[in-house]
Amino acid sequence: MRKILFLLAALFIGSASAQTYPSKPIRIIVPFTPGSATDVMARIVGERLSTAWGQPVLVENKPGAGGTIGIRDTARADADGYTMAVVSSGHAVNHVLYKDLGYDTLKDLSTVAMLGSLPSVLIVPPTLPVNSVKELIAMLKAKPGQYNYATAGVGSGAHVSTEKFNVAAGVKAVHVPLKGTPPILTETMAGRVEYAMVPAVSGMGPVRDGKVKPLAVTTSKRVAALPNVPTLGEAGLPEGESTFWLALLAPAKTPREVIAKADAFIRREYDELGKVMRAAGLTPQ
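*Asks:* How should I be thinking about the packing of helix α2 (residues 37-53) against helix α9 (residues 256-268) in this particular structure?
*Replies:* Working note: a packed helix pair is described by the angle between its axes plus the distance between those axes. Close contact between α2 and α9 brings their axes to 11 Å; oriented N to C, the two are set at 105°. In this view, α2 runs roughly perpendicular relative to α9, as classed from their interaxial angle. Facing V45, R48, L49, A52 and W53 of α2, the residues of α9 in contact are K261, A262, F265 and I266. Tallied by class, residues from the contact of α2 with α9 come to seven nonpolar, no polar and two charged.

Shown next, in the form of structure tokens:
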């Protein structure tokens with residue numbers, strides 16, 4: 001009887017928690033720099049959640065170590081539904097790349113919702129004398145290991161997608177790991193790195209302004225925000241295509257009712273969120 005009463009009490013408390021949640025500001029941790037794709041996605045979702053739930057949603061950037069610093073802080077936060085994080089698919093491989101994450105990828109975090117997928121664009125400096133993927137590959141093959149490419153850190157989505165391109169193209173270059181997409185763009189615009197893969201959401205502004213040259217997008221279909229940029233398949237390298245996902249996570253012991261409420265909201269807002277995401281160069285889930 002006591003066990004039954006306990007289960008009923010827990011069910012009631014959980015239901016009440018979901019009904020009153022949220023009653024204070026929510027924090028969304030972004031494990032990369034401002035202006036990164038995860039940052040843009042967090043702000044899109046955060047704005048919609050804040051409007052619907054009547055509570056501030058604060059986006060906090062904690063970049064570094066391929067996103068593991070911000071994810072670690074999320075995993076260690078109070079599991080009350082007031083701390084979440086937006087991560088990309090690099091999160092799924094960090095446990096292989098880093099000896100001690102400070103958290104268990106499977107045990108310490110719960111998925112709240114899948115948010116969408118992220119097309120990338122292959123860019124080069126405006127002064128680099130190449131105008132196609134074929135020309136870039138020829139340049140890299142002519143001097144193996146003498147050119148640089150930048151990513152948002154070891155194991156980041158940018159790193160994974162660029163390495164896939166390198167393998168497919170049969171080229172070797174020097175990896176320059178940085179803290180996020182904005183420094184990648186800065187280094188590429190300045191010509192200090194010869195090429196990079198950046199999220200379309202972050203790269204389309206510099207592309208439109210002529211600050212970088214786009215050679216291809218990494219998806220099998222052209223990106224609506226960059227309609228004149230061919231795909232890698234169209235450029236003759238379909239095996240180099242890649243995309244990665246974005247997800248909303250919370251600490252593992254966050255009440256299921258709270259996670260279900262957030263997931264239900266995102267599913268309900270799918271059409272409206274999708275419009276904003278497509279305009280920003282993202283692809284809804």
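*Asks:* Any chance you could explain the confidence of the model for the protein chain here in plain terms?
*Replies:* When pLDDT drops low, the exact placement of atoms in the prediction is not to be read closely. Of the residues in the protein chain, 90% have a pLDDT of 70 or more, and the chain-wide mean is 88. At the low end of the mean pLDDT range in the protein chain sits helix α1 (residues 2-20), at 52; at the high end sits helix α5 (residues 133-142), at 98.

*Asks:* Would you mind going over the sheet that holds strand β6 (residues 148-151) with me for this structure?
*Replies:* Judged by pairing direction, the sheet is mixed, and its five strands sit side by side in the order β7-β6-β8-β5-β9 without closing on themselves. Strands at the two margins of the open sheet, each flanked by one partner only, are β7 (174-177) and β9 (213-217). This sheet shows a mean twist of 30° between the axes of neighbouring strands, independent of strand direction. Bridge count between β6 and β7: four bridges; the pairing is parallel. Each residue of the ladder has a partner; that of Y149, found in β7, is H175. Each of β5 (120-124), β8 (195-199) and β9 touches helix α8 (residues 200-208); the most contacted strand, β8, lies at about 115° to it.

Scoring rules and cut-offs
Residues numbered from 1 in each chain as written. Predicted model: local features only at pLDDT ≥ 70, side-chain atom pairs only at ≥ 80, totals over all residues. Heavy atoms only, no water. Axes fitted to C-alpha atoms, helices over the stretch in contact; angles between N-to-C directions. Helix = DSSP H or I, 4+ residues; strand = E, 2+ residues; numbered from the N terminus. Parallel < 35°, antiparallel > 145°, perpendicular 65-115°, else oblique. Contact = heavy atoms within 4.5 Å. Nonpolar A, V, L, I, M, F, W, Y, C, P; charged D, E, K, R; others polar. pLDDT = per-residue confidence, 0-100. Pairing = 2+ DSSP bridges.

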